[in-house]
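# Observations on the model geometry
Each chain, written out:
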Amino acid sequence: MISSLDTLVHQAQEAMRVVETLPQWEAVKARFVGPQGLLTGCMKQMGALPAAEKPAMGKAINAVKGALEALFATALAAIEARILAAKVGPAIDPTLPLIEGHFGARHPLSQVKARVYSIFKSLGFSVADGTEVESEWACFDALNVPAGHPSRAEKDTYYFPQGASFPETQLKGAERLLLRTHTSSVQIRTMLAEKPPLKVVSIGRCFRRDTADATHSANFHQVESLCVDEKVTVVDMKAMLDHFLKAFFGPAVKTRFRPSFFPFTEPSFEVDMISPDLGKLSNQWIEILGCGRVNPAVLREVGLDPVKWSGYATGMGLERLAMIHYRVDDIRHFYQNDIRFLLPIA
Ligand code: DAH
């Protein structure tokens, strides 16, 4: 019987050699140490042995048992390692050289944002920040947007339920919170927080209940600028915008100002630009931004004397700047993570 015990280990080694899966491993294990297993059978036969042979036999069985357990454990570790390797995929060698062209880059909107900030900073503007969750007052009332104005309708603006609060957004009275529909609210927050003279620029997310199409997104970005000082004029604003658009789109850019209307500026303008260097958008007037002299009603609302202080404000779409610059014809491309948008732009 001891000699048949010796062959057990060898048999188990042979059987485990071809095992590839967990069920196969379990089956082989059961064949040797399960209730009906070969080793279990030997142990049962021990009872029939003469007492003198029992100790040697017990020792031999224990040795085989130990050897089998070690064998099964090694085989199990190998199977588990194989299963894990199949899950994580082929091994990665971090020392291999980069595949040419397959590295990431900053998102085009982030690149445009950085350029816009840098141009404004070169003109002495500092960066201001507001919150995306705003109060109805800062987004509309303080900006002289009248109560019944269409832009305030629930159809166009995302409101929070009455009574909702947000730690960073101060409410003036019992007004509702909303997701800001434009960055013009940053004008209000800035003038409340700092005394003029002020020159700030702010780029941030805005939200409108718009159905997405080639030129609309429910979530987009605006660039807001505000300058408040003594004797600021529309001429200052025009010079600043001319410089900005030339710095951003190239020196050949020409601008034209059309009278327009915004509740928070008076007079208000829309600015168009034209350039021979804009690919398929070359040599045609393109509407690019809104602006105007800060309405005295807005200054009064934040406690500034409009006789002493004057200012200008401008607002434009970050995506619009990016679309013209990169000749992208559908705003949705910016949000769909198409890998070509995430690669460096030559
Ligand atoms: N807030 C305006 C909008 O969302 C854009 C705008 C227009 C901002 C004129 C301004 C401005 O600061 O002066 O359409």
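We now turn to the structure provided with this report. (Residues numbered from 1 in each chain as written. Predicted model: local features only at pLDDT ≥ 70, side-chain atom pairs only at ≥ 80, totals over all residues. Heavy atoms only, no water.)

Volume-wise, the largest pocket comes out at about 1200 Å³. Looking at the largest pocket, it is lined by 48 residues, and the ones nearest its centre are Arg 208, Phe 220, Gln 222, Met 316 and Gly 317. Every element with two or more residues in the lining of the largest pocket is listed here: β5 (219–229), β6 (254–262), β7 (265–274), β8 (286–294), β9 (310–317) and α10 (318–326). When residues of the lining of the largest pocket are assigned to their parent elements, the largest contribution, six residues, is made by β8. Of the residues assigned to the lining of the largest pocket, the class counts are 20 nonpolar, 16 polar and twelve charged. (1 Å grid on protein atoms, 1.4 Å probe; cavity = no way out; pocket = protein on both sides within 12 Å on 5 of 7 lines; lining within 4 Å. Points joined across faces, edges and corners; volume = space filled by probe spheres on them. Helix = DSSP H or I, 4+ residues; strand = E, 2+ residues; numbered from the N terminus. Nonpolar A, V, L, I, M, F, W, Y, C, P; charged D, E, K, R; others polar.)

On to the pattern of salt bridges. Taken as a whole and assessed by the stated rule, the structure comprises 15 salt bridges. Note that Arg 152 and Glu 136 form a salt bridge whose closest N and O atoms lie 3.5 Å from each other. With a gap of 16 residues between them, Arg 152 in the loop between α6 (136–139) and β3 (177–179) and Glu 136 in helix α6 connect regions that are remote in the sequence. Taken as a pair, Arg 152 and Glu 136 share a single burial class, namely buried. When salt bridges with common partners are traced through the structure, they connect Glu 136, Asp 141, Arg 152, Glu 154 and Arg 176 into a single cluster. (Salt bridge = Lys/Arg side-chain N within 4 Å of Asp/Glu carboxyl O. Buried < 20%, exposed > 50% of the residue type's maximum accessible area, 1.4 Å probe, protein only.)

Remark: helix α3 (residues 38–45) packs on helix α4 (residues 54–88), axes separated minimally by 11 Å, with the N-to-C direction vectors making an angle of 165°. Judged by the inter-axis angle, α3 sits roughly antiparallel to α4. Note that α3 runs across α4; the crossing there is left-handed. Contact with α3, carried on its side by Leu 39, Cys 42 and Met 43, involves Ile 61, Val 64, Lys 65 and Leu 68 of α4 and no other residues of that element. Here the contact of α3 with α4 is composed, by residue class, of six nonpolar, no polar and one charged. (Axes fitted to C-alpha atoms, helices over the stretch in contact; angles between N-to-C directions. Parallel < 35°, antiparallel > 145°, perpendicular 65-115°, else oblique. Left-handed = near helix turned anticlockwise from the far one by under 90°. Contact = heavy atoms within 4.5 Å.)

Moving on: helix α5 (residues 108–122). The terminal C-alpha atoms of α5 lie 21 Å apart, and with 15 residues this matches the ideal 21 Å at 1.5 Å per residue to within 8%. Every buried residue of α5 is accounted for by Pro 108, Leu 109, Val 112, Val 116, Tyr 117, Ile 119 and Phe 120. All buried residues of α5 project into a common sector of 165° when viewed along the axis, lining one side. Residues of α5 that are exposed and angled more than 90 degrees away from the buried face: Lys 121 and Ser 122. Residue Gly 124 follows α5 closely and has a positive phi angle near 90°. (Expected span 1.5 Å × (residues − 1). Arc of directions from axis to C-beta.)

Where helix α8 (residues 234–249) contacts α10, the axes come no closer than 11 Å and their chain directions differ by 45°. With respect to α10, the element α8 is oriented oblique. Counting all contacts with α8, which are made through Phe 244, Phe 248 and Phe 249, the residues of α10 involved are Leu 321, Ile 324 and His 325. For the contact of α8 with α10, a count of residues per class yields five nonpolar, one polar and no charged.

Across all of its chains, the model carries seven aromatic pairs by this definition. Centroid distance Phe 120 to Phe 244: 5.1 Å. Interplanar angle 35°. Geometry classified as tilted. Placement of Phe 120 in helix α5 and of Phe 244 in helix α8 is noted, with a sequence separation of 124 residues between them. There is no split in this pair, since Phe 120 and Phe 244 are both buried. Ring pairs connect the aromatic residues Phe 120, Phe 125, Phe 244, Phe 248 and Phe 249, which therefore count as one cluster. (Phe/Tyr/Trp six-rings, centres within 6.5 Å; stacked < 30°, edge-to-face > 60°.)

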